[in-house]
Amino acid sequence: MQPLRGTKDILPDEIIFWQHIYNIAYEILTSSNYHEIRTPLLENTDLFHRSIGNYTDIVNKEMYSFADQGNRNITLRPEGTASIARAFISNKLYLTPKINRLWYLGAMFRYERPQKGRQRQFHQLGIECIGSTSPIADVEVIRLAIKILEELKCIEYTLEINSIGDMEERKIYELELINYLNNYKNDLDIESQTRLNTNPLRILDSKNSKIQEILLEAPKLKNFLQSKSMNHFNEICSHLNYLNISYKINENLVRGLDYYNYTAFEITTQRLGTQNTICGGGRYDQLIQQLGGPKTPSVGWAIGIERLMIIIQNQVKIQKNDNKIYIAIQNNKIQNRIWNVIKMLEEIKIKFELDLSNNSLYKQLKRANHLCVKVCFIIGEEEIKNDYITIKWLKTRTQQQVKLYHLKGYLNYLKNYI
Ligand code: ATP
Ligand code: MG
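Residues numbered from 1 in each chain as written. Chains lettered and ligands numbered in written order. Predicted model: local features only at pLDDT ≥ 70, side-chain atom pairs only at ≥ 80, totals over all residues. Heavy atoms only, no water.

### Quick notes on the overall build of the chain
Phase 1: Along the backbone of the chain there are 15 helices and 16 strands.
Phase 2: A compact globule built from 418 residues would reach a C-alpha radius of gyration of about 22 Å, whereas the chain, at 28 Å, exceeds it by more than 25%.
Phase 3: Across its three principal axes, the chain shows a C-alpha extent of roughly 95 × 45 × 45 Å.
Phase 4: Counting the 418 residues in the chain, one finds 49% classified as buried.
Phase 5: Pairs at least 24 apart in sequence give 69% of the contacts found in the chain among residues at least 6 apart.
Phase 6: Accessible surface, the chain as shown: approximately 22,300 Å² in total, 48% of it carbon and sulfur. (Helix = DSSP H or I, 4+ residues; strand = E, 2+ residues; numbered from the N terminus. Rg over C-alpha atoms; globule rule 2.2 N^0.38 Å. Buried < 20%, exposed > 50% of the residue type's maximum accessible area, 1.4 Å probe, protein only. Contact = heavy atoms within 4.5 Å. Areas by Shrake-Rupley, 256 points an atom, 1.4 Å probe, with all protein chains shown as cover.)

### Quick notes on the packing of aromatic side chains
Phase 1: Counted under the stated rule, the structure contains 10 aromatic pairs.
Phase 2: With 5.7 Å between their ring centres and 75 degrees between their planes, Tyr64 and Tyr111 make a pair best called edge-to-face. Taken together, the residues Tyr64 in strand S3 (residues 64-67) and Tyr111 in the loop between strand S5 (100-109) and strand S6 (121-130) connect sequence positions 47 residues apart.
Phase 3: Judged by relative accessible area, Tyr64 falls into the partly exposed class, the value being 26%.
Phase 4: Residue classification places Tyr111 among the partly exposed residues on the basis of a relative accessible area of 45%.
Phase 5: Aromatic rings pair up to connect Tyr22, Tyr26 and Trp103 into one cluster.
Phase 6: Stacked on the ring of Tyr111, the Lys or Arg Arg120 has its end atom at 4.0 Å from the ring centre. (Phe/Tyr/Trp six-rings, centres within 6.5 Å; stacked < 30°, edge-to-face > 60°. Lys NZ or Arg CZ within 6 Å of the ring centre and 35° of its normal.)

### So, the site of ligand 1
Phase 1: Near ligand 1 you find 14 residues, and of these Arg110, Glu112, Arg118, Gln119 and Arg255 are the closest.
Phase 2: One nitrogen or oxygen atom from the main chain of Gln119 is found 2.9 Å from a nitrogen atom belonging to ligand 1.
Phase 3: Between ligand 1 and Arg255, the relevant distance is 2.7 Å, taken from an oxygen atom to a side-chain nitrogen or oxygen of the residue.
Phase 4: Contact with the protein chains removes 86% of the 580 Å² of surface that ligand 1 exposes when unbound. (Near = heavy atom within 4 Å. Polar contact = N/O pair within 3.5 Å; in protein donor to acceptor, adjacent residues only side chain to side chain.)

### Notes on the pattern of salt bridges
Phase 1: This model, assessed by the stated rule, comprises 20 salt bridges.
Phase 2: One salt bridge in this structure joins Asp46 and Arg50, with 3.8 Å as the shortest N-O distance. Of this pair, Asp46 and Arg50 both sit in helix H2 (residues 45-51), 4 residues apart, which is roughly one turn of that helix.
Phase 3: Residues joined by salt bridges that share partners form a network here, namely Asp57, Lys61, Glu191 and Arg195. (Salt bridge = Lys/Arg side-chain N within 4 Å of Asp/Glu carboxyl O.)

### Structural notes on the domain arrangement of the chain
Phase 1: Domain annotation for the chain reports domain 1 (12-165 + 225-312) and domain 2 (325-414).
Phase 2: Spacing between the C-alpha centres of domain 1 and domain 2 amounts to 50 Å. (Domains from an automatic or database assignment.)

### Structural notes on the sheet that holds strand S4 (residues 73-76)
Phase 1: Here we have 3 strands laid out as an open sheet, ordered S2-S4-S3, and antiparallel in their pairing. With partners counted over all chains shown, the strands left at the sheet margins are strand S2 (42-44) and S3, one partner each. Each strand axis lies, on average, 35 degrees off the axis of its neighbour in the sheet, ignoring direction.
Phase 2: Strand direction decides the pairing type here: S2 and S4, joined by 3 bridges, are antiparallel. From the neighbouring strand, Leu42 faces S4, where its bridge partner is Leu76. (Pairing = 2+ DSSP bridges. Axes fitted to C-alpha atoms, helices over the stretch in contact; angles between N-to-C directions.)

In structure tokens, the structure reads:
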């Protein structure tokens, strides 16, 4: 049996990195007053149509959608923001504090061609700052993305940022762009020809060099932005300058989701090859209202954990603390006696592994040696008869007998040596 194409088991050796990422995110985000939220993996398909947009890659070709037993249209969430906006509305989170700062880490699903850094089930760490129009909110979230990446030793990155204006500004620009590109219709690739009718802005970030060449002379979105959009963007840039966060303004950066306005940004890294975007985000002032909630300006981002993992696994050394006591036991009948020892170990917080093999003591000790544990407890017939346990130090091959009533005191001492 194999896992489904584009999905992966995460085995214990790798889990330590996941825990590391979670812990760092938790620490940094908690100190900035972000609170974790977990929303269902399943949502009504309609949610993503209404938020991400019908003409986006995600909705168009990447969603895992199906009808459930009750014939409801269900989708495995392809991203986090739409679900959080939905949760914000359904739980009336707008009734409590003015600003909701939320973060999540969880599985997302997109039907894509699997390759390095691209899976069908993948994970995102994301944050949403809900309820502020201030450009400082944009800076807060961008700064947190960078702080998390740096803390995780993911340091060779580039922050690209752009303003995509508001809906009206984009509408006017879109017409101009279509007008211009219509002159080159036959030179466009099939994908861009389709996008000309459905999502023309996405043509701007086409990787096709011929299209990039055509775009050189195209009208620029920047020139269609009114002062409100421009001021918002300029203020973000001046804060980033102050913070010494270097960034590149990429006028062609539009992002693949419909709900963004004003700020769009991406963080890329040279370490990943083709799948080089590690973080994507932006401002979404209309989304919550569009989904039936009150007008609530917001901004957020998502980091792809699998791509982050490729970088940090080579970069971060995590000390695996696997020091434990091996418990060798001799006879099934005496097993009820071992629980007292186990309870003591738990109380004193010493890790242990109980041998379950029914093998001879000799073989059990051999396995303890193989595991490189320092100390082995032996609980055999003699030990039971005389109310002690044998403590064997495997490296020096010395052993001692400790009476059960002394064991707790002994364990407190032992704790410092394993
Ligand atoms: P890409 O252009 O690589 O497809 P995207 O624009 O679709 O990315 P977003 O929707 O912005 O990605 O998601 C944010 C981040 O989630 C990405 O930058 C990436 O790190 C990660 N991500 C997106 N899709 C996948 C996937 N299929 N497998 C692994 N990670 C992914
Ligand atoms: Mg994608």
